[in-house]
Amino acid sequence: MVLHDSAGAANGGAPDAEGEERKKRRRRKRKGRGRRKTTAGEILASVYVRRWAFPDAPVLDGDSDVPAGGAERVVFEFHSHSTCSDGFLSPTALVERAHSKGVKVLALTDHDTMAGVAEAVEAAHKFGIRIIPGVEISAVYSPREESETEEPVHILAYYGSCGPSQFEDLDKLLSSIRDGRYLRAEQMLLKLSKLNMPLKKDHVAKITGNGVAPGRVHVARAMVESGYVENLKQAFSRYLYDGGPAYAKGSEPFTEDVVQLICQTGGIATLAHPWALKNPVAVIRSLKASGLHAIEVYRSDGKLSGFGDLADRYELLKIGGSDYHGRSGQDESDLGSVALPVLAVYDFLKLAQPVWRIAMQDMFSAFAEEPSDVNLKKITRFGKFQYINQCSGLSCGKDVVDLCLSPCLNNEEKEDSELEAVRLKLSDTTIL
Ligand SMILES: [Zn+2]
Ligand SMILES: [Zn+2]
């Protein structure tokens, strides 16, 4: 907190009044729980966020609406990886660590796969942690102007508790990206062997793990194990960086197509780590036109990193996460280390909830039309199925809808007429 003040003062000079005012506003926003008193808006936002994060907690009425803990921050972690992509912890171990760090809502955002989400949901159940099913999709920005360059872009997608509404469409895209990663790894190994650093395919596969698509970090780990470099950082800074001597391009889809698909499948599309981009303005402008909802601007060092203004200019939500991979602590922000202002979380949930609700309605409607096992599994893909089996007394389709909805909607929303129609239709449907 003090750092922000001194950083502002250190800028010195004679900034124009407007700039100074903007900085002050930003500082005020960022400081949140600093010396300044919490505003009424923040308290209301905090109540909303808490209710969403802890749907089973008792609801208080009227003036006593502020729950115990008041505006105390509910820790959200919006960006994390497990062994299902290039993280070092299994989804279960990741959730356990998140719990130990005080995280209450965790988005698992593995690269190009949602394979770890069900396990994370299962593990999170006992800690009362909410999992946001997510994925970080590898894409490529294809420039429109000569002054720009093609570059890799990562797009985070966040879904409601039942996941994407057309999972098959998303999965098709993700699996084609994963297939591309196998080819890419082969090309990297070829380049490394030309650089007199031969690596065996099996060696990399062993590090990557069963069924996991290899990424640069897996190749880097094999390089460390073979003694070609001292650590992962060196592997990247000398050989594997974008355009580096052992770098190989993947066959990723275009960024705009990825954002559109996320929107079509009921997700919230977020640009990851824009500070890593060469053409951030061009990328953000183009993605906004395709339906982008948010960009990462908050980091564990607390800085908006200059992207807050860009987010405002393009009317995008501002969020952030640690991008935790579990690399045993070196140079890595831990889970829950990004202090998000409660208003940022509130804005995210306000935007996401109706989007997620529509996706869920689509899935429920498909199930109501055809209450088959296949359609039920689509709704319960991310772990809810296990609970249904565990819960006694769940015998009809309406119960499934209620169970899926209970953590997602407030009472008013549950009484939504379209949902009610689906519930009614399912009241006679027997679940085996
Ligand atoms: Zn990324
Ligand atoms: Zn990431």
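Here, every reference points to the structure presented above.
Residues numbered from 1 in each chain as written. Chains lettered and ligands numbered in written order. Predicted model: local features only at pLDDT ≥ 70, side-chain atom pairs only at ≥ 80, totals over all residues.

(A) Up close: the overall build of the protein. When helices and strands are tallied, the protein shows 18 helices and seven strands. Classification of the 432 residues of the protein by burial places 40% in the buried group. Nonlocal contacts in the protein, meaning residues at least 24 apart in sequence, comprise 69% of its contacts between residues at least 6 apart. (Helix = DSSP H or I, 4+ residues; strand = E, 2+ residues; numbered from the N terminus. Buried ≥ 20, exposed ≤ 12 C-beta atoms within 10 Å, placed from the backbone. Contact = placed C-beta atoms within 7 Å.)

(B) Main features of helix α13 (residues 342–369). Taking 1.5 Å as the rise per residue, α13 with 28 residues should run 40 Å; its terminal C-alpha atoms sit 40 Å apart, in good agreement. When the local axis directions of α13 are compared, the greatest deviation, roughly 25°, occurs at Ala352, which is followed within four positions by the proline Pro354. Within α13, burial applies to Val342, Ala344, Val345, Tyr346, Phe348, Ala352, Trp356, Ala359, Met360, Met363, Phe364 and Phe367. (Expected span 1.5 Å × (residues − 1). Bend = angle between axes of the 7 residues up to and from the residue.)

(C) Focus on the environment of Val75. Locating Val75 in the fold gives a position in strand β1 (residues 75–77). Overall, Val75 belongs to the buried group, with 21 C-beta atoms counted inside 10 Å. Counting along the chain gives 270 residues from Val75 to Val345, while the straight-line C-alpha distance between them is 9.8 Å. With sequence-adjacent residues up to four places away left out, Val75 is seen in contact with Gly102, Val103, Lys104 and Gly336.

(D) Main features of the nonpolar core. Core analysis: the biggest nonpolar cluster contains 89 residues, and Leu106, Ala120, Ile131, Ile155 and Ala157 have the highest contact counts within it. Looking at which element gives the most residues to this core, the answer is α13, with 12 residues. Each of domain 2 (76–182 + 251–340) and domain 3 (353–426) gives at least three residues to this core. With sequence-adjacent residues up to four places away left out, Ile131 is seen in contact with Leu106, Leu108, Val117, Ala120, Val121 and Ala124. Ranked by size, the runner-up nonpolar core spans 15 residues in total, among them Met188, Leu192, Ala222 and Leu240. (Core = buried A, V, L, I, M, F, W, Y, C linked by C-beta atoms within 7 Å. Domains from an automatic or database assignment.)

(E) Spatial organisation of helix α8 (residues 216–225). Taking burial as the measure, the 10 residues of α8 include eight buried ones, the bulk of the element. Among the residues of α8, Arg216, Val217, His218, Val219, Ala220, Arg221, Ala222 and Met223 are the ones counted as buried. Considering only its buried residues, α8 is in contact with α6 (167–194), α7 (201–208) and α9 (232–240). Just downstream of α8, Gly227 is the residue with a positive phi angle, here 80°.

(F) How the structure looks around the sheet that holds strand β7 (residues 317–319). The strand order across the open sheet formed by seven strands is β1-β2-β3-β4-β5-β6-β7, and the pairing between neighbours is mixed. Both outer strands of the open sheet, β1 and β7, are each paired with one neighbouring strand and no more. The mean angle between the axes of side-by-side strands here comes to 30°, regardless of whether they run parallel or antiparallel. As paired elements, strand β5 (residues 268–271) and strand β6 (residues 294–296) share two bridges and run parallel to each other. (Pairing = 2+ DSSP bridges. Axes fitted to C-alpha atoms, helices over the stretch in contact; angles between N-to-C directions.)

(G) The arrangement of the environment of Ser142 in detail. Looking at the element boundaries, Ser142 is found in the loop between β3 (130–141) and β4 (151–158). Measuring from C-alpha to C-alpha, the distance between Ser142 and Thr255 comes to 8.0 Å, with 113 residues separating the pair along the chain. Filtering out sequence-adjacent residues up to four positions away, Ser142 remains in contact with Glu150 and Phe254.

(H) Examining the packing of α8 against α9 more closely. It is the contact of α8 with α9, at a shortest axis distance of 9 Å, that shows an interaxial angle of 110°. Judged on the interaxial angle alone, α9 and α8 are roughly perpendicular. Judged by residue contacts, Arg216, Val217, Val219, Ala220, Arg221, Met223 and Val224 of α8 engage Leu232, Ala235, Phe236 and Leu240 from α9. When the residues that make up the contact of α8 with α9 are grouped by side-chain class, the tally is nine nonpolar, no polar and two charged. (Parallel < 35°, antiparallel > 145°, perpendicular 65-115°, else oblique. Nonpolar A, V, L, I, M, F, W, Y, C, P; charged D, E, K, R; others polar.)

(I) Here's a closer look at the pairing of β5. Side-chain alternation along β5 places Ile268 and Thr270 on one buried face and Ala269 and Leu271 on a second face that is also buried. Note on the crossover from β5 through helix α11 (residues 280–290) to β6: the handedness is right-handed. (Right-handed = clockwise from strand over helix to strand, strands pointing away.)

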